Amino acid sequence: MFSFNELKIASSNQLWLNISSTDKKKAWEQAQSHSNTLARYNAYLNHLSLYIFFNWLTEWLAEESVAKPSIFPSEDSLPSIWEVLNAAAITLGEKRIVLIPSETIDLEELCVPQEWVDIPSFAGDYYLAVQVNLEANEDECFLGVLGFTTHRLLKNFGRYNANERTYVLAAKNLTKNLSVMLMTLGLPVQEEIPELFTVSEAEAQKLLQLLGNSSIYFPRLRVDVPFEQWAALLDNDEWRTQLYHRRIGGLAIAKNTASVNNLSNWFQNIFETGWQSLNTILNTESENLAFAFRQRELAAGGVSVEGVKLIDLGIQLGNHSVALLVGLTQENEQKVGIRVQLHPSHGQTYLPPNIKLALLSSSGATLQEFQSRTQDNLIQLKRFTCPKGKTFKIQVAIDNFNITEDFVV
């Protein structure tokens, strides 16, 4: 599958594999069945890492007297794992290889999620540090395997990070030549793993109700859910599948039927799937979600409710995301004031140029439209008011991409 030029083996015996535009397109399409932008991008990176390395590994081992590799636990199970957890795994006979993808250019540490170390059914024998480079120039897109370690070495010499629930090993301690891994396949390289904590069905359902909320971007890091309980939930195929379906909610239905956002519910802090209150976003445990709503223009204008939704602009724009912000003011019992803004997200300073924000009538006629210029850090519609029962649409569009949100007051 890969030519010699695509397999760039450096003097250090590190492996480099090309990532084609076809690979990226397929991975991005497969990653859409997730509840939020971060989960989709996590699935995207893991899909690329898993299938590109899996194809290379299958070819590399074709003439070796070892078992053929297979995807762990199964292809059907991958979405339920990648919704909440980074890494992908391959079974090779009785051994398990866990791939840990990262976009960090100068990788100094291998950070392995605790689930892949301390859950017996998930634990690997080997852990590979995978660097994914997705530069805009297609010739510069590649996947590099920087080295590997074993479960035993990770447990005995790795540093446990309780805040991130990861085991961390310095990159300098990785073995770079994958041939060494092949030569040790018959050796015991996994440390003994204690049995998991037992969770009852009733306890599991409580956890599912809590963690099934897609506004919780990192359920695995909830401080009010001990790792032992989380591990028991994830280890159970049925419970993990339930968690996944709870988090994606009506995603499949929403793709075919337009859901209407009821703004009256927002005043009771009830938001539709995909929307969150601004305060929830700003107080999140992830810095990536602390959007730079710098001057809080809406709050200054007396807005009493603010809702935010992340909008993924797609692979064509480098997986850029923007944040749609809708602020409401209850002017009287029959009328609501509304202001709409579009902001960059995930640490970006400026919006992509030429992105459009539009107010549409219920019939689809354009009532207002504003387009971003170079180095615009936000665009907004002119403030408008709506009586109770009024419907309208907000559209975000750029190039061939557009998304429309329907609202009723």
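Conventions and cut-offs
Residues take numbers from 1 onward in each chain, read along the sequence in its written order. Note on the predicted model: pLDDT of at least 70 is required for a residue's local features to be given, and 80 or more for side-chain atom pairs to be given and counted; whole-chain, interface and lining totals, by contrast, use all residues. Hydrogen atoms and water are omitted, and side-chain values are computed over all heavy atoms in the structure. Note on exposure labels: buried denotes an accessible area under 20% of the residue type's maximum, exposed denotes more than 50%, and partly exposed covers the range between, all computed with a 1.4 Å probe on protein chains only. A run of H or I in DSSP becomes a helix once it reaches four residues, and a run of E becomes a strand once it reaches two; helices and strands are each numbered from the N terminus. Pairing between strands requires that DSSP locate at least two bridges from one strand to the other. With axes taken as lines fitted to C-alpha atoms, and helix axes fitted only over the stretch in contact, angles between N-to-C directions fall between 0 and 180 degrees. Note that the arc is defined by the directions from the helix axis to the C-beta atoms.

Looking up the chain in an unreviewed UniProt entry gives the name DUF1822 family protein, with the organism given as Brasilonema octagenarum UFV-OR1.

## Looking at the pairing of strand β7 (residues 142-150)
With respect to burial, β7 is a largely interior element, 8 of its 9 residues being buried. Of the pairings in the sheet, the one linking strand β1 (residues 15-18) to β7 comprises 4 bridges and is antiparallel in character. Each bridged residue has a counterpart across the sheet, and for N18 the counterpart in β7 is F142. Relative to β7, strand β6 (residues 126-133) runs antiparallel, the two sharing 8 bridges.

## A word on the side chain of D376
Checked against the element boundaries, D376 lands in the loop between β16 (366-371) and β17 (379-380). With relative accessibility at 10%, the residue D376 sits in the buried group.

## Here we look at the sheet that holds strand β9 (residues 166-170)
Strand order across the open sheet formed by 3 strands is β5-β9-β8, with antiparallel pairing between neighbours. Of all strands in the sheet, those with a lone pairing partner are β5 (109-113) and β8 (159-161), marking the two edges. Within this sheet the neighbouring strands show an average axis-to-axis angle of 30 degrees, counted without direction.

## So, helix α7 (residues 201-211)
Listing the buried residues of α7 in full gives A204, L207, L208 and L211. Angularly, the buried residues of α7 cover 100 degrees about the axis, an arc narrow enough to put them on a single face. For α7, the exposed residues lying more than 90 degrees away from the buried face are K206 and Q209.

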